[in-house]
Amino acid sequence: MMPEYGLGFWQCKLRYYNQEQVLNVAREYKKRGIPLDVFVIDYYHWPRCGDYRFDEEYFPDPKAMIDELHEMGIETMVSIWPQIDWRSENYEEMKQQGLLVKSNAGVDVQMLFHGNNVFLDATNPRTRKYVWEKVKKNYADLGIRTFWLDEAEPEFSTYEYECYRYAAGPVEEIGNIYPREYSRMFYEGQKENGQEDIVNLVRCAWLGSQKYGALVWSGDIFSTYEDFRKQICAGLHMGLCGIPWWTTDIGGFHGGVTEDPDFQELLVRWFQFGTFCPVMRIHGNRGPREEIINKAGEVREGTGADNEVWSFGEKNYEILTKFIGVREKMRDYTRSLMAEAHEKGTPVMRTMFYEFPEDAACWDISDAYMFGSDILVAPIVRAKATSRTVYLPAGASWTLANTGDVYEGGKATKSRRRSKHCRSSCATENRDIWWERSDKSQSSCLVMGRQQMRIADSCMKKEKEKGKSIPEDRQDPKECFSDVINQSRIRKTDFSLVPHTGRRTEKLTEADGLPPDTAHTILPASA
């Protein structure tokens, strides 16, 4: 089962390189009142690959750091690499004990990165035991309960598989099993350590990885709209493969410059999408980078520019924090999706045809999806776009949460930019729905789910538990969800959320609040 800290927002970047930086950022989140569930400390917080401990020059008191993060309600995640540097304090022992991947010929350098490296052999039970004992002593015993298992392929510098051999067999025959066994190494160690609900971030997976608490992310993608669009398919395919926990680097990894307005627009779009992913995690190698040199004069891995939600301008800060608020409001709903995934293997991100297999149109949709059974998500994935198409499946009726308006499924509608006095609009565009906010640079496209909205029900339940009376005109779930949007610092025009049940609709007119320059018909599509 996904632990509670997997349901909220995760802060990450390449890279927080010292203890002071980690704590200063975490304290700023706390000061601003922004919910933060997990703080991620990326690679090269260690002296050498394979040391499996904090570098004391940059993290002089990791136990105090982790304790303070816990006091703020934040879990600490640390990166782990399977590389073992020739200079690592553990290299000779691991080599002598046969715990490393073997090279069949040539110089035994399996990856060149900050030195000569070889890989631990995750298919070897003795390796798994040895490495976990190091990790337990230097991380888990300090209070760290979740790990980032990077480089899980593993990333050979030269992919000539006939050159390498695992304990389980030749890499060219059984190589794909490595990431599963890598996840297994940590999962089994955490279980032996008494941990129950386990999630570890991992860069790739194989059949059965979900058994070992694997949260797969899509790797070091570029900060482009093309790569952004691909994330939707990547997440959906992972779910269909039986691995329900998936996430992406919000904003992309390569090429994003913090102060670039075009990148900021992309980041906002990606952040909106990330709110409705199984795990919401911002990450990236932001430019410009800073060089890091240690006391011995050695060049260490550098650090990227700021990547916190306040780093992209005040206007964008308001939007990003609003969506963190939405994620928090959905916590009960998201938890229920994780329970479904745990008990039944049900994807958290679902293709449209998964929920609506009898609607032929849903089989061709690749840029929208269901977040559980109740929320249809349709991100804006084109640069400078201020609107987009969304198809509402037949056999369901859909409620626009910010207005309470109900639309029948199996038809098309369009929302486009209006004057400052007109917040949203609907118009004809084939069989699709477009949603947009009046501020063109910060809109998101999103529709919200079935008539009995669990999010809204949860919202009302919590209000009642607090002893608050709910006015009669706010007891309808869709009305309550409208309040959720506003209470999450989200203006009604930031995005549209819509419930699902039916099919047809009537012609809309200017009297319904549409501007005179838009088409006004919502057309039905085939069932």
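See the structure shown above.
Residues numbered from 1 in each chain as written. Predicted model: local features only at pLDDT ≥ 70, side-chain atom pairs only at ≥ 80, totals over all residues. Heavy atoms only, no water.

Turning our eyes to something else, we now look at the pattern of salt bridges. Once their charged atoms are close, side chains differing in charge can pair, the charge on each being opposite to the other. Tallying each qualifying case throughout the model produces 34 salt bridges. Ionic pairing is found between Arg203 and Glu151, a salt bridge with its closest N-O pair at 3.4 Å. Placement of Arg203 in the loop between β11 (200-202) and β12 (214-217) and of Glu151 in the loop between β8 (146-149) and β9 (164-166) is noted, with a sequence separation of 52 residues between them. Taken individually, Arg203 and Glu151 each receive the classification buried, so the pair is uniform in this respect. Glu188 is the salt-bridge partner of Arg184, the closest N and O atoms lying 2.8 Å from each other. Taken as a pair, Arg184 and Glu188 lie in helix α6 (residues 178-192) at a separation of four residues, close to a single helical turn. We classify Arg184 as partly exposed; its relative accessible area is 22%. One network of salt bridges, in which partners are shared, links Glu4, Asp37, Glu328, Arg331, Asp332 and Arg335. (Salt bridge = Lys/Arg side-chain N within 4 Å of Asp/Glu carboxyl O. Helix = DSSP H or I, 4+ residues; strand = E, 2+ residues; numbered from the N terminus. Buried < 20%, exposed > 50% of the residue type's maximum accessible area, 1.4 Å probe, protein only.)

Before going further, it helps to examine the packing of aromatic side chains. The tally for this structure, following the rule as stated, stands at 36 aromatic pairs. Seen in terms of ring centroids, Trp46 and Trp81 are 6.2 Å apart; in terms of plane orientation they differ by 55°. Their pairing is tilted. Placement of Trp46 in the loop between β2 (38-41) and α2 (62-71) and of Trp81 in the loop between β3 (75-80) and β4 (83-85) is noted, with a sequence separation of 35 residues between them. Neither Trp46 nor Trp81 differs from the other in exposure class; each is buried. Taken together, a centroid distance of 4.2 Å and an interplanar angle of 10° make the contact between Phe353 and Trp363 stacked. Within this pair, whereas Phe353 is found in helix α11 (residues 352-355), its partner Trp363 is found in the loop between α11 and β18 (369-371), the two being separated by 10 residues in sequence. Under the relative-accessibility criterion, Trp363 is labelled partly exposed at 48%. Here a set of aromatic residues connected by ring pairs shows up, and it is made of Phe54, Phe59, Trp132, Tyr139, Phe147, Tyr166, Tyr178, Tyr182 and Phe186. Above the face of the Trp148 ring, Arg281 is positioned so that its terminal group lies 5.1 Å from the ring centre. Above the face of the Trp217 ring, Arg281 is positioned so that its terminal group lies 5.4 Å from the ring centre. (Phe/Tyr/Trp six-rings, centres within 6.5 Å; stacked < 30°, edge-to-face > 60°. Lys NZ or Arg CZ within 6 Å of the ring centre and 35° of its normal.)

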